[in-house]
Amino acid sequence: MTPAASEAGPLFEYAIEPLPPSPLGRRWRWELWEEGGALLAAGWSFSERSAGRAVHVAAARRVYERLGLGVVPAAVARAAESARVRALLRRRPVAVPASVRS
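As a starting point, this report considers the structure included with it. Not measured: the values here are computed from a predicted model.

What counts, and at which threshold
Residues numbered from 1 in each chain as written. Predicted model: local features only at pLDDT ≥ 70, side-chain atom pairs only at ≥ 80, totals over all residues. Heavy atoms only, no water. Helix = DSSP H or I, 4+ residues; strand = E, 2+ residues; numbered from the N terminus. Contact = heavy atoms within 4.5 Å. Areas by Shrake-Rupley, 256 points an atom, 1.4 Å probe, with all protein chains shown as cover. Axes fitted to C-alpha atoms, helices over the stretch in contact; angles between N-to-C directions. Left-handed = near helix turned anticlockwise from the far one by under 90°. Nonpolar A, V, L, I, M, F, W, Y, C, P; charged D, E, K, R; others polar. Pairing = 2+ DSSP bridges. Salt bridge = Lys/Arg side-chain N within 4 Å of Asp/Glu carboxyl O. Buried < 20%, exposed > 50% of the residue type's maximum accessible area, 1.4 Å probe, protein only. Core = buried A, V, L, I, M, F, W, Y, C linked by side-chain atoms within 4.5 Å.

## A short note on the overall build of the chain
On a plain count of helices and strands, the chain comes out with five helices and four strands. For the chain, the sequential pattern of α-helices and β-strands runs α-β-β-β-α-α-α-β-α. Within the chain, residue pairs in contact and separated by at least 24 positions form 41% of the contacts whose partners lie at least 6 positions apart. Summing over all exposed atoms, the chain offers an accessible surface of approximately 6,600 Å²; the carbon and sulfur share of this is 58%.

## As for the packing of helix H2 (residues 48-66) against helix H3 (residues 73-80)
At their nearest, the axes of H2 and H3 sit 8 Å apart, and the two run at 120° to each other. Considering how the two elements wind past one another, H2 and H3 form a crossing that is right-handed. Note on element contacts: H3 touches H2 through Ala75, Val76, Ala77, Ala79 and Ala80, opposite Arg53, His56, Val57, Ala60, Arg61 and Tyr64. Taken together, the residues of the contact of H2 with H3 break down into eight nonpolar, one polar and two charged.

## So, the sheet that holds strand S2 (residues 28-34)
If you walk across this open sheet you meet the four strands as S3-S2-S1-S4, and the pairing is mixed. Each edge of the open sheet carries a strand with a single partner, namely strand S3 (39-45) and strand S4 (89-91). Pairwise comparison of adjacent strand axes, ignoring direction, gives a mean angle of 25° for this sheet. As paired elements, S2 and S3 share six bridges and run antiparallel to each other. Among the inter-strand pairings, Arg29 is bridged to a residue of S3, identified as Trp44. On the sheet, H2 packs against strand S1 (12-18), S2, S3 and S4 and is oriented at approximately 25° with respect to S2.

## Re the pattern of salt bridges
Applying the stated criterion across every chain, the model contains four salt bridges. In this structure, the salt-bridge partner of Glu31 is Arg29, at a minimum N-O distance of 3.2 Å. Notably, a salt bridge pairs Glu34 with Arg66, separated by 1.7 Å at the nearest N-O pair. Note that Glu34 is positioned in strand S2 and Arg66 in helix H2, a separation of 32 residues in sequence. Of the residues examined, Arg66 reaches a relative accessible area of 40% and is grouped as partly exposed. A cluster of three or more residues bridged by salt bridges with shared partners is formed by Glu34, Arg62, Glu65 and Arg66.

## Considerations on the nonpolar core
Core analysis: the biggest nonpolar cluster contains 23 residues, and Phe12, Ile16, Trp30, Leu32, Val55 and Leu89 have the highest contact counts within it. No other element matches H2, which puts eight residues into this core. Those residues in contact with Leu32 that lie beyond four places of it in its chain are Phe12, Glu13, Tyr14, Ala38, Leu39, Leu40, Ala41, Val55, Ala58, Ala59 and Leu89.

Keep in mind these numbers describe shape, not what the thing actually does.
Structure representation (structure tokens):
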């Protein structure tokens, strides 16, 4: 059974999607959402792995802010690697356009 948001901390949803090819090369767009639907952070990275890391860092930063702690980059980087932060993340369902469904 998954702990409630009040027990484990806030729950977040994220999305990582490839962007169309560009002169910069292959890129991945990432988004971090609050469980209620508010967009907290977004950006893009050159690899899917670095996009996932960016999602973890953004979630860790938000947890620190919610706890009223000062955001220290080194602490946020360590927290981003923790299983506790990863447990708060859920992949956001990707909407499939109607033209693709038929």
